[in-house]
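Each chain, written out:
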Amino acid sequence: MNEDIILDLLSSNILYLLGALLLVLVAVKGVKIVPQSEKYVVERFGRLHSVLGPGINFIVPFLDVARHKISILERQLPNATQDAITKDNVLVQIDTSVFYRILEPEKTVYRIRDVDGAIATTVAGIVRAEIGKMDLDEVQSNRAQLIGQIQHSVETAVDDWGIEVTRAEILDVNLDQATRDAMLQQLNAERARRAQVTEAEGQKRSVELAADAELYAAQQTAKARRIEAEAEAYATEVVAKAIAENGIEAAQYQVALKQVESLNTLGNGAGNQTILVPAHALEAFGNAFNLLKGGK
């Protein structure tokens, strides 16, 4: 009895049930909740219709289809190694890493099939081209500049694919063993040259300092001689003035004084000495003694 009632209710309300089911299906098909890290590419009858951003979006059920779900998170390509030849014909191996993200999914979906492969191929070609413009020393010393050039070139190449290259890195620059040995010899030679230059500069500085010392000593000697000469000139001037004021007696006094000083110096010499004094010297000594006493 109960089953008959249920069947009667269902048969009488089948249209309402189908309508409710249709409404639920329309709601499910017509409402799209897109995560923050994704974008949906919507097609209508097989053609691009719109791109749905994060949040709640409404589409026409059964006509619009979210055909592609694209992640907009930043991605990293697998590390790759490219062989390149520098401007000075040195073979190097460049390890690179590239980071990118998709900004316009409609371009990425309909213009390129393998995004990672396309970017990797583009990076390899650009790296070889940029390395070929530089010498090996420039590659080693200007790595930041090289990275900037590579990133700019890659950004220009992938712009039509709706992709932004956020970062490009050169992880390592590898050389073959022969090139490494040659660079080591060059480095040792450069170190030896610098050591010789340093030693030569030290010797040069030593000679300059010695010359400055000699010049200073000569200047001081000349200064001392000039002072002595000035003192002698002053003494001469005083004697001349005394002679002019006191007559010949002042001159006799100075001569007698010098004779006494000379005899005193001879007498103070080391060892046993015998001094022969002429008769006129004794007379001069007596005259000097009288002059010292103030006599005439």
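This text gives an overview of the structure that appears in the document. Worth saying up front: this structure is predicted, and the values here are computed from it rather than measured.

**Some details on the environment of Asn-79**
- Among the secondary structure elements, Asn-79 is positioned in the loop between strand S6 (75-76) and strand S7 (80-85).
- Overall, Asn-79 belongs to the exposed group, its relative accessible area being 53%.
- Along the primary structure Asn-79 and Thr-96 are separated by 17 residues, whereas in three dimensions their C-alpha atoms are 5.8 Å apart.
- Setting aside residues no more than four positions away along its own chain, Asn-79 makes contact with Thr-96, Ser-97 and Leu-171.

**Examining the pattern of salt bridges**
- Scanning the entire structure with this criterion turns up eight salt bridges.
- With a closest N to O distance of 2.5 Å, Arg-193 and Glu-190 form a salt bridge. Of this pair, Arg-193 and Glu-190 are both found in helix H7 (residues 177-246), three residues apart, which corresponds to roughly one turn of the helix.
- For Glu-190, a relative accessible area of 28% gives the class partly exposed.
- Where Arg-205 meets Glu-208, a salt bridge forms, and the shortest distance between an N and an O atom there is 3.4 Å. In this pair, Arg-205 and Glu-208 are both assigned in helix H7, three residues apart and thus about one turn of the helix distant.
- Residue Arg-205 is classed as partly exposed on the basis of its relative accessible area of 47%.
- Each member of the salt-bridge network shares a partner with another, and the members are Glu-190, Arg-193 and Arg-194.

**Comments concerning the packing of helix H4 (residues 115-131) against helix H6 (residues 143-158)**
- Direction vectors running N to C along H4 and H6 enclose 135 degrees, while the axes themselves pass 10 Å from each other. Here H6 runs oblique to H4, going by the angle between their axes. The hand of the H4/H6 crossing is right-handed. In this structure, H4 contributes Ile-119, Thr-122, Val-123, Ile-126, Val-127, Glu-130 and Ile-131 to the contact, and H6 contributes Leu-146, Gln-149, Ile-150, Ser-153, Val-154, Ala-157 and Val-158.
- For the contact of H4 with H6, the residue count by class is ten nonpolar, three polar and one charged.

**Quick word on the side chain of Thr-96**
- Relative to the helices and strands, Thr-96 is located in strand S8 (residues 91-102).
- Overall, the relative accessible area of 6% leaves Thr-96 in the buried class.
- Polar side-chain contacts of Thr-96 include one of 3.2 Å to the side chain of Gln-82.
- Excluding residues within four positions of it along the chain, Thr-96 makes contact with Asn-79, Ala-80, Gln-82, Val-123, Val-127, Glu-169 and Leu-171.

Cut-offs applied
- Residues numbered from 1 in each chain as written.
- Predicted model: local features only at pLDDT ≥ 70, side-chain atom pairs only at ≥ 80, totals over all residues.
- Heavy atoms only, no water.
- Helix = DSSP H or I, 4+ residues; strand = E, 2+ residues; numbered from the N terminus.
- Buried < 20%, exposed > 50% of the residue type's maximum accessible area, 1.4 Å probe, protein only.
- Contact = heavy atoms within 4.5 Å.
- Salt bridge = Lys/Arg side-chain N within 4 Å of Asp/Glu carboxyl O.
- Axes fitted to C-alpha atoms, helices over the stretch in contact; angles between N-to-C directions.
- Parallel < 35°, antiparallel > 145°, perpendicular 65-115°, else oblique.
- Left-handed = near helix turned anticlockwise from the far one by under 90°.
- Nonpolar A, V, L, I, M, F, W, Y, C, P; charged D, E, K, R; others polar.
- Polar contact = N/O pair within 3.5 Å; in protein donor to acceptor, adjacent residues only side chain to side chain.

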